[in-house]
Amino acid sequence: MKLYTCSHCNNLLYFENSECLICKHAVGFDAGKFSLITLENNKQGYSPISINKQVFRYCSNADFGTCNWLIPVAQSSPFCTACALNRTIPALSNEKNSKEWKRIEIAKHRLVYSLLRLGLPLQPKINKEDVEGIAFDFMADSSPNERVMTGHDNGVITLNIEEADEGERVRHKLDLGEKYRTLLGHFRHEIGHYYWEVLIKDSKHLEKFRQLFGDEQKDYSQALETYYKTDTPANWNDFFISPYAFSHPWEDWAESWAHYMHLMDSLETAWSFGIGIHQPGVKITITNDPYSIANFDTIISSWFPLTFAVNNLNRSMGQADFYPFIISAPVIEKLKFIHEVCRVGQVG
């Protein structure tokens, strides 16, 4: 994520801001230019201050306080690139649902930002049978016996909105023995399943995928049943980014994909803020936007010292590690493969 400032008063802005808290100018995100724009209201709509040639309006979900993305006034769709992917949202007459949906949209917009930065194909799913295209269903349990399962199916990503409840998410995290569980992590994992179908399935990359991750033709349901019934080998982190990645090649891909997105977005933030580590034996300056770097070795060489530094910052605050994972050499090769596949799969 980039560093944004108000172009009127130079106040620092968060990606989610819809108003500068100092000068009170409206601000909105232009996904076409990856810019958070300071705006002034005129008769036609909203224009960047001092530039009246461009005219925008806010996404319709701005009315609910869940989106600050801008749409050119000439565009007919009421929704921005991120919100156009929604197929189902929870009933907003329920105040709890409304609060949880807002948390969900914050995470989803960051997901979409990263996908746009990667230059990957990103379009709403029109027909249920279509392989390409993405649709999000954000749903609540209808009863204790009818649970909404978070997951991916043919481009449709379903999320149980209880994942936006911090208490419930922590409970699931402890029950499943996970080190790390976040809304954004869920999105990055599930979207990984979608991009396996778009970028790997029936492609020239499939053979290399099988060399690194294994044969995805292995029975998926049986593999998950075995995973939940048996103990994961003690040396799992010699080959996998997480215990769950051990269960099946598809899950190994999705877990690795999520971590690839973690590191790319975090390194972009570090680069944008000018973060570096300058100590004897460790001198790292992140001088380039990671999304512009072709050589993954350059990217990963910055990631290790950055996570060590931020883990120590978290520990200084009495918090759990920012990045509680060990990246082994085989995992690096998987992440490198994902980086190469993404660059080949860029559109435009």
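Values in this document were obtained by computation on a predicted structure and should not be read as measured data.

A. View of the overall build of the chain. Broken down by element type, the chain carries 8 helices and 13 strands. For a compact globule of 348 residues, the expected C-alpha radius of gyration is about 20 Å, and the chain comes in at 21 Å, within 12% of that figure. When the backbone C-alpha atoms are referred to their principal axes, the chain occupies close to 65 × 60 × 45 Å. Summarising the internal contacts of the chain: among those between residues at least 6 apart in sequence, 55% fall at separations of at least 24. Measuring between centres, the 34 positive side-chain charges of the chain sit 6 Å from its 42 negative side-chain charges.

B. Spotlight on the nonpolar core. With 78 residues, the main nonpolar core has I191, Y195 and W257 as its most contacted residues. Those residues in contact with I191 that sit more than four places away from it in its chain are L111, L115, I134, I157, W257 and M261. In this structure, L39, F56, Y58 and L70 belong to the second largest nonpolar core, which totals 6 residues.

C. How the structure looks around the pairing of strand 11 (residues 156–160). Taken across its 5 residues, strand 11 has 5 buried, putting it largely inside the fold. Residues V156, T158 and N160 line one face of strand 11 and the alternating positions I157 and L159 line the opposite face, and both faces are buried. In this sheet, strand 11 lies alongside strand 9 (residues 135–139) in parallel orientation, the contact comprising 5 bridges. Bridge assignment links M139 to a residue of strand 11, and that residue is N160. With 3 bridges joining them, strand 10 (residues 151–153) and strand 11 adopt antiparallel strand pairing. Of the residues in strand 11, the one forming a bridge with H152 is I157. Between strand 10 and strand 11, which pair antiparallel and follow one another directly, the connecting turn spans 2 residues, one of which, N154, has a positive phi of 50°.

D. Representation of helix 1 (residues 95–118). Under the 1.5 Å per step criterion, the end-to-end length of helix 1 is 35 Å for 24 residues, consistent within 8% with the ideal 34 Å. Residue N94 occupies the N-cap position of helix 1, its side-chain oxygen lying 2.8 Å from the main-chain nitrogen of K96. Two residues or fewer after helix 1 comes G119, characterised by a positive phi angle close to 75°.

E. View of the packing of aromatic side chains. A complete count under the given rule lists 30 aromatic pairs for this structure. Consider the rings of F29 and W69, whose centres lie 4.9 Å apart with planes at 50°: the pair is tilted. One end of the pair, F29, is in strand 3 (residues 26–30); the other, W69, is in the loop between strand 6 (56–58) and strand 7 (70–72), with 40 residues separating them in the sequence. On the basis of an interplanar angle of 55° and a centroid distance of 6.0 Å, the ring pair of F29 and Y113 is categorised as tilted. Residue F29 is located in strand 3, and its partner Y113 is located in helix 1; the two are separated by 84 residues in the primary sequence. Owing to a relative accessible area of 0%, F29 belongs among the buried residues under this scheme. Through successive ring pairs, a cluster of aromatic residues spans Y194, Y195, W196, F209, F213, Y220, W250, W253, W257 and F337.

F. Representation of the sheet that holds strand 10. The strand order 8-9-11-10 describes an open sheet built from 4 strands, whose pairing is mixed. Each of the sheet's edge strands pairs with one partner strand only, and the pair in question is strand 8 (86–88) and strand 10. Along the sheet, successive strands turn relative to each other by an average axial angle of 25°, direction set aside. Of the pairings in the sheet, the one linking strand 8 to strand 9 comprises 2 bridges and is parallel in character. The residue bridging T88 from the neighbouring strand is D137, located in strand 9. Packing of helix 1 onto the sheet brings it into contact with strand 8, strand 9 and strand 11, and relative to strand 9 it is tilted by some 160°.

G. Layout of empty space enclosed by the protein. In this structure the tally under the stated criterion is 1 cavity of 30 Å³ or more. Of the voids in this model, the largest cavity is the one considered here, and its volume is about 30 Å³. Lining the largest cavity, in full, are R117, L118, Y260, Y291, H339, R343 and Q346. The set of elements that each furnish at least two residues to the lining of the largest cavity consists of helix 1 and helix 8 (329–344). Tallied by class, the residues present in the lining of the largest cavity amount to 3 nonpolar, 2 polar and 2 charged.

H. Geometry of the packing of helix 7 (residues 296–316) against helix 8. Running from amino to carboxyl end, helix 7 crosses helix 8 at an angle of 130°, the nearest separation of the two axes being 10 Å. Taken as axis vectors, helix 7 and helix 8 run oblique relative to one another. The handedness of the crossing between helix 7 and helix 8 is right-handed. Along its contact with helix 7, which presents F296, D297, I299, I300 and F304, the element helix 8 presents I332, L335, K336 and H339.

I. Focus on the pairing of strand 12 (residues 276–279). The pairing of strand 12 with strand 13 (residues 282–285) spans 4 bridges and is antiparallel. Of the residues in strand 13, the one forming a bridge with Q279 is V282. In sequence, strand 12 turns back onto strand 13 through a hairpin of 2 residues, with G281 there showing a positive phi of about 90°.

How each quantity is defined
- All residue numbers refer to positions counted from 1 along the written sequence of the respective chain.
- The predicted nature of this model means local features are confined to residues of pLDDT at least 70 and side-chain atom pairs, given and counted, to a pLDDT of 80 or more, with totals for whole chains, interfaces and linings taken over all residues.
- The side-chain values count all of the structure's non-hydrogen atoms but skip hydrogen atoms and water molecules.
- Note on conventions: DSSP H or I runs of at least 4 residues are helices, E runs of at least 2 residues are strands, and numbering of each starts at the N terminus.
- We compute the radius of gyration over the C-alpha atoms and compare it with the globule rule, which gives 2.2 Å times the number of residues raised to the power 0.38.
- Should any heavy atoms of two residues lie within 4.5 Å, those residues are considered in contact.
- Neither His nor the chain ends contribute to the count of charged residues, in which Lys and Arg are positive and Asp and Glu negative.
- Think of each charge as sitting on NZ of Lys, CZ of Arg, CG of Asp or CD of Glu.
- By nonpolar core is meant a set of buried Ala, Val, Leu, Ile, Met, Phe, Trp, Tyr and Cys residues that side-chain atoms within 4.5 Å join together.
- We call a residue buried when its accessible area falls under 20% of the maximum for its residue type, exposed when it is over 50%, and partly exposed in between, using a 1.4 Å probe and counting protein chains only.
- At least two DSSP bridges between two strands are needed for those strands to be called paired.
- Here the expected length of a helix is defined as 1.5 Å per residue gap, with one fewer gap than residues.
- Definition of a polar contact: a pair of N or O atoms within 3.5 Å, with one able to donate and the other able to accept a hydrogen when the atoms are protein atoms, and with sequence-neighbouring residues admitted only if both atoms are side-chain atoms.
- Pairing of aromatic rings covers Phe, Tyr and the six-membered ring of Trp, with a centre-to-centre limit of 6.5 Å; geometry is then stacked below 30 degrees between planes, edge-to-face above 60, and tilted otherwise.
- Helix axes use the C-alpha atoms of the stretch in contact, all axes being lines fitted to C-alpha atoms, and the angles between their N-to-C directions lie in the range 0 to 180 degrees.
- Put simply, the grid is 1 Å and covers the protein atoms alone, a cavity is a trapped set of points that fit a 1.4 Å probe, a pocket is an open set with protein on both sides within 12 Å along at least five of seven lines, and lining residues have an atom within 4 Å of a point.
- Grid points are joined across faces, edges and corners, and a volume is the space filled by probe spheres set on the points.
- As a working rule, the residues Ala, Val, Leu, Ile, Met, Phe, Trp, Tyr, Cys and Pro are called nonpolar, Asp, Glu, Lys and Arg charged, and the rest polar, with Gly in that last group.
- Small angles under 35 degrees read as roughly parallel and large ones over 145 as roughly antiparallel, with 65 to 115 read as roughly perpendicular and the rest as oblique.
- Left-handed describes a crossing whose near helix is turned anticlockwise from the far helix through less than a right angle; right-handed describes the clockwise counterpart.

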